[in-house]
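# Structure at a glance
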Amino acid sequence: MPVIKILPHPEYCPSGAEISAPPGTSVCEALLDNHIEIEHACEMSAACTTCHVVVREGFESFGEIDEIEEDLLDRAWGLEPTSRLSCQAILAQQDVTVEIPRYSVNHAKEKH
């Protein structure tokens, strides 16, 4: 099973974490399944940017970004060349390292 290394985030994962999830799982699902409560205001339907992550290692393992995700990412806070919506970043066999940006475009956080 691939390992997802999450870099420290002051709110969601202060010490960082390493979790594993089966291939075919989205990064967002894996984080939530492991009690890392990343925002996901659209319930993982690729309609917002609140689950934005920056992939620090393993970016190429996620495959192509489709046009919808690319358009949404244009509105994400802290966009970088290796940004992905975690709800659309589907794990393959390779380990990855992700960073959750400090802020999102949400003015209020959703409680899920």
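It should be noted that the structure appears before, not after, this text.
Computed from a predicted model, the values in this text were never measured in an experiment. (Residues numbered from 1 in each chain as written. Predicted model: local features only at pLDDT ≥ 70, side-chain atom pairs only at ≥ 80, totals over all residues. Heavy atoms only, no water.)

## Section: the environment of A46
Mapped onto the elements of the fold, A46 is located in the loop between helix 1 (27-33) and strand 3 (52-57). The sequence separation of A46 and E69 amounts to 23 residues, and the corresponding C-alpha distance is 6.8 Å. Residue contacts for A46: discarding those within four places in its chain leaves I68, L72, C87 and Q88. (Helix = DSSP H or I, 4+ residues; strand = E, 2+ residues; numbered from the N terminus. Contact = heavy atoms within 4.5 Å.)

## A few points about the sheet that holds strand 3
In any sheet, the strands associate via hydrogen bonds between backbone groups, in a parallel or an antiparallel arrangement. Here five strands make up an open sheet; going across it, the order is 2-1-5-3-4 and the pairing mixed. Looking at the sheet topology across the chains shown, the edges are occupied by strand 2 (17-20) and strand 4 (83-85). Going from strand to strand, the sheet's axes swing by 35° on average, the running direction of each strand aside. Alignment of strand 1 (residues 3-6) against strand 5 (residues 96-99), held across three bridges, turns out to be parallel. Within the sheet, the bridge partner assigned to I6 lies in strand 5 and is V98. (Pairing = 2+ DSSP bridges. Axes fitted to C-alpha atoms, helices over the stretch in contact; angles between N-to-C directions.)

## So, a nonpolar patch on the surface
Residues W77, Y103 and V105 make up a contiguous nonpolar surface patch of about 310 Å² in total accessible area. Of note, W77 is situated in the loop between helix 2 (67-73) and strand 4. With a relative accessible area of 41%, W77 lands in the partly exposed category. (Patch = residues over 30% accessible without salt bridge, like charges linked within 9 Å, V, L, I, M, F, W, Y side chains within 5 Å. Areas by Shrake-Rupley, 256 points an atom, 1.4 Å probe, with all protein chains shown as cover. Salt bridge = Lys/Arg side-chain N within 4 Å of Asp/Glu carboxyl O. Buried < 20%, exposed > 50% of the residue type's maximum accessible area, 1.4 Å probe, protein only.)

## With respect to the environment of L72
Locating L72 in the fold gives a position in helix 2. Overall, L72 belongs to the buried group, its relative accessible area being 6%. Separated by 13 residues in sequence, L72 and L85 place their C-alpha atoms 8.5 Å apart. With residues near it in sequence (within four places) discarded, L72 still touches A46, A47, C48, T49 and L85.

## With respect to the pattern of salt bridges
Per the stated rule, a full pass over the model turns up three salt bridges. Salt-bridge contacts for R56 lead to E80; the nearest nitrogen and oxygen are separated by 2.7 Å. Here R56, found in strand 3, pairs with E80, found in the loop between helix 2 and strand 4; they are 24 residues apart in sequence, far enough to count as distant. We classify R56 as partly exposed; its relative accessible area is 36%. Salt bridges here are not isolated pairs; linked through shared partners, they connect R56, E80 and E99.

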